Amino acid sequence: MRDQFAELAYRVLLLAFPARVRAEFGADMRALFHEHRREARRQSFGLTRLWLVVIADSFVHGLAARLDHSIHNPQSTFSNERRAPMSAFRHDLRQAVRLLIRQPGITVIAVLTLALGIGANAAIFSAVDAVLLRPLPWSEPDRMVMIWEKRPQEGVMNNNVAPADYVDWSKSATLFTAMSGYMTTAADLTGQGEPVRLNAAAVSAGFTDVFGVKPVLGRFFRKDEELVGRHRVVVLNHGLWSERFGADPAIVGRSITLNGIPHEIVGVLEPFEFIDREIELWVPLALEGGPQPPGRAAHMLNVYARLRPAVTVEQARAEMHAIGERLSQTYPDTNRRHGAHVVPLRGELVEPVRAGLILLLAAVGFVLLIACVNVANLLLARAVSRRREVAIRAALGAGRFRLAAQGLTESIVLALCGGLAGLLIANWGVAMLPYLAPEAGTIVGLDRVGIDARVLGFTLLLSVATGALFGLLPAWQLTKQAVNDSLRDGGRSIVGGRHRLRVGLVVAEVALASLLLVGAGLALRSFRMMLATASGLHANGVMTALVTLPRARYPETDRQIATFLAIEERLAAVPGSRSVGATSQLPMSGMNARSGIEIQGYEPAPDSPTRAHVRATTPGYFRTMGIRLIRGRGFTPQDDARAPLVAVVNEEAVRRYWPNGSPIGGRVRTVGSEDWRAIVGVVRNVRHWGLTSPVEPELYMPLPQYPWGGLVFVVSGSGDAAAMAPIIRSAVHAVDPQLVVARVRTMERVQELTVEAQRVTMLLLATFAGVALILAAAGIYGVMAHLVSLRTSEIGVRMTLGARPRDVLRQIMQEAVVQTLTGLGIGLAGAVLLMRAFRSMLYEVSPSDPVTLIGVALILLASAIVACYVPARRAMRVDPVAALRAE
């Protein structure tokens, strides 16, 4: 039965080669097969091992035969001098494969170790390649730029752009082929089943020219459709067209209702990757033609542009700077000390994630180096058992180069097997990426992360380089040994040079592991410091939901306010609701409204404009969000449109604008308003942009006195906050069934999203550090176990001469501790220097944080002690008589 399976494997593999190769080399391959059958009978191979050996050897022999055939072919450009090298290569390859199969234990351990290192590197490289190395997914991406508003005196170089400034820029700039303003918005789709909120973007007509995208159906917007009253047209994203409208080819010309207003579908865009992958449809950015001209106070636009051919970023920056200076002089009230700043689009999209990806790439590099050290130690241990074999080959005339080539071939074949297994790990890691970073929707290139030809090529090169790296030392050790000493029976004893080499590898392994553990420890400490930062609000048990009133159905301000208050009253009456409030801008959600303000009796410095973030709120907002009142009072239901205008400020506004007195009773107003408001209270600071963001002045106003078209309702309940989602929707639909309830999520989740990037980086670093710790402990154990086995006779002699078992234990443990401490000293010093390059990624944690360094040292030292304790205990139990008899 065994011979039949082997014969079948041989015949199947033989069919993989051309008839000419089978005719020329078939006899050799059949002889190889019969040799395996004889050896199987002689060594009692199992059926599985015989089958694997026949497959591997037949494949390698046949592959080499194909190479030989191409070399011997008269039409080949190779010369006949290459026959000998190819024959040697074929022999080395066969020997390597047979050795791996005949030592399955060592092979499996080495392949799994390498698979972890190579697989982690392939997975992270796929992300680095897709995000950092590949060009942006648009035509001629090097000509694409972003234009920001800058305020250098405030340290702001990337502020959003006011609509009027964008209009002036687009009319005055000459070095761009196209410029487009962009603003995210919301579109409530009704009349197509259940009302649904779609993610929309308002863009100007130059958008398709900037991004090089074309419609597959219909057209994009015309310039005359950017006027108020003529802008009721819409272009669908390809995904929305396919999923919601069934890819209907006759969709162009149909009308859909968005925000209560009919819009004509004029086109469908081709599939393309945009910066915000959640955008589902596009509407014109209508800034002119309305009752009011475009404003300069509110800053809400992103501006993208495409440079003319041969125009540099520096030239465009100089032109836009001049335009900004001119607008600053023309409109001193709103544009004083403002300007325009041009930056490459790639830099804006890549820079926020570059440091994190490089840090992860460095981390997996350390994991691979540790894996290489482990496998090198494993092969050095195997080299001891092969000293006699190598000595015989050297005595028979094999040169050092041939012996080294054989060793390197074995290492590279082993690394290629590890790389193949690593691809499975990499594929699993890439599949897990959406679960690790579910909200990473604005990272351009993340959709392209996968195992493609570039990643396969990288894995192949990495595998070969890894094999050469960990195979050099064992190959060198095999070639430099003395032939006569190795042929003696006493050659079993350990050689001092090899002992020192393996100890040096252990030290290097501990140093590398400590580098990675320090990085992971600092990331963990930084993340914990972020979470411990006072946000100024209470997020536990609070559910949030955004409700926007379509202006077409709610044109009157009074009706808008009445509807919002009716919704709040309904929410307050639902079972389990303890407190309800609403705000125009939810903290940490990315929503914001900044405005210039005037303070009665306050004269701002020339370089310090008076600004605040403006929020419309209802009376229950502060209580629901846990924003503590410091002095004065909050809002009450009596603060309606007929009551005197009032406002509440935060502590930061007091610190900046009332440093020497109380703001209570003072008066303030927003730029452009003629009505003064009395300040009636001061509340605690809230970190509006996230846990690590700076605190800015904030100005709260009652909703009836500062109407807003869309509010985020916050509901604090006594039970599970997430369970209140359907209750909130029901309460809103009880007021108006056509209203869309969007962004229903807990405040805890909103807060977590502000540290999403740090969380993913910390999680991956911790994973890699754990792998490094396991590999380091396994390496220490393997080295100590092998050294103990080689020193069995020495231990026996010492115990015969009176040494006690605990003395042997103490010596071996002492050696392990010394090696670990040496590696720790080197690794911790290197970690402090290395982490200085990533200081910007740490939050209130120093690269030389003593808690982290001491913790890493204790963890590694404890791991080393545990790893070497088992070999040390084994050494204690050596029978002196048996050890001397074996010697």
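Just above sits the structure.
All values derive from a computational prediction rather than experimental measurement.

S.K.: Would you mind going over the overall build of the chain in detail, with residue names and values included?
M.R.: The secondary structure content of the chain amounts to 26 helices and 22 strands. Counted over contacts in the chain with a minimum sequence separation of 6, partners at least 24 positions apart contribute 82%. Carbon and sulfur atoms make up 58% of the accessible area of the chain, which totals about 40,000 Å².

S.K.: Could you give me a rundown of the environment of Pro707, with the residues and numbers involved?
M.R.: Along the chain, the position of Pro707 falls in the loop between strand S20 (698-702) and strand S21 (710-717). Looking at Pro707, the relative accessible area reads 37%, which means it is partly exposed. Considering only alpha carbons, one finds Pro707 and Gln560, 147 residues apart in sequence, at a separation of 8.0 Å. Not counting residues up to four positions away in its chain, the partners in contact with Pro707 are Thr557 and Ile561.

S.K.: Go over the side chain of Gln751, please, and point to the residues and values.
M.R.: Position of Gln751 relative to the elements: it lies in helix H21 (residues 747-753). In contact with Gln751, not counting residues within four places along its chain, are Ser535, Leu537, Ala539, Met588 and Leu691.

S.K.: Please set out the environment of Tyr700 residue by residue, giving values where relevant.
M.R.: Turning to its location among the elements, Tyr700 is positioned in strand S20. Taking the relative accessible area as the measure of exposure, Tyr700 reaches 2% and is therefore buried. For the pair Tyr700 and Ala647, spaced 53 residues apart in sequence, the C-alpha to C-alpha distance is 5.6 Å. Beyond its immediate sequence surroundings of up to four residues, Tyr700 is in contact with Arg615, Thr617, Tyr621, Phe622, Phe635, Ala647, Val648, Val683 and Val686. There is a polar contact of 2.4 Å between the side chain of Tyr700 and the side chain of Glu698.

S.K.: So, the packing of aromatic side chains: which residues are in play, and what are the values?
M.R.: Enumeration over the complete set of coordinates arrives at 21 aromatic pairs. Note on Phe125 and Phe458: the rings are 3.9 Å apart at their centroids and 5 degrees apart in plane angle, and the pair reads as stacked. In this pair, Phe125 sits in helix H5 (residues 104-133) while Phe458 sits in helix H14 (residues 453-480), placing the two residues 333 residues apart along the sequence. On the basis of relative accessibility, which here comes to 13%, the residue Phe125 falls in the buried class. Linked through ring pairs, Trp138, Tyr182, Phe207, Phe211, Phe220, Phe221, Phe272, Phe274, Trp282 and Tyr304 together constitute an aromatic cluster. The side chain of Arg296 reaches across the aromatic face of Tyr331, ending 3.6 Å from its centre. In this arrangement the basic side chain of Arg559 is found over the ring face of Tyr554, its NZ or CZ atom lying 4.3 Å from the centre.

S.K.: How would you summarise the pairing of strand S8 (residues 261-269) if you had to cite specific residues and measurements?
M.R.: The buried fraction of S8 is high, at seven of nine residues. In this structure, strand S5 (residues 215-218) lies alongside S8, joined through three bridges in antiparallel fashion. Bridge pairing in S8 links Pro215 to Leu269. Judged from the four bridges that link them, strand S6 (residues 233-236) and S8 form a sheet pairing that is parallel.

So, how was this worked out
Residues numbered from 1 in each chain as written. Predicted model: local features only at pLDDT ≥ 70, side-chain atom pairs only at ≥ 80, totals over all residues. Heavy atoms only, no water. Helix = DSSP H or I, 4+ residues; strand = E, 2+ residues; numbered from the N terminus. Contact = heavy atoms within 4.5 Å. Areas by Shrake-Rupley, 256 points an atom, 1.4 Å probe, with all protein chains shown as cover. Buried < 20%, exposed > 50% of the residue type's maximum accessible area, 1.4 Å probe, protein only. Polar contact = N/O pair within 3.5 Å; in protein donor to acceptor, adjacent residues only side chain to side chain. Phe/Tyr/Trp six-rings, centres within 6.5 Å; stacked < 30°, edge-to-face > 60°. Lys NZ or Arg CZ within 6 Å of the ring centre and 35° of its normal. Pairing = 2+ DSSP bridges.

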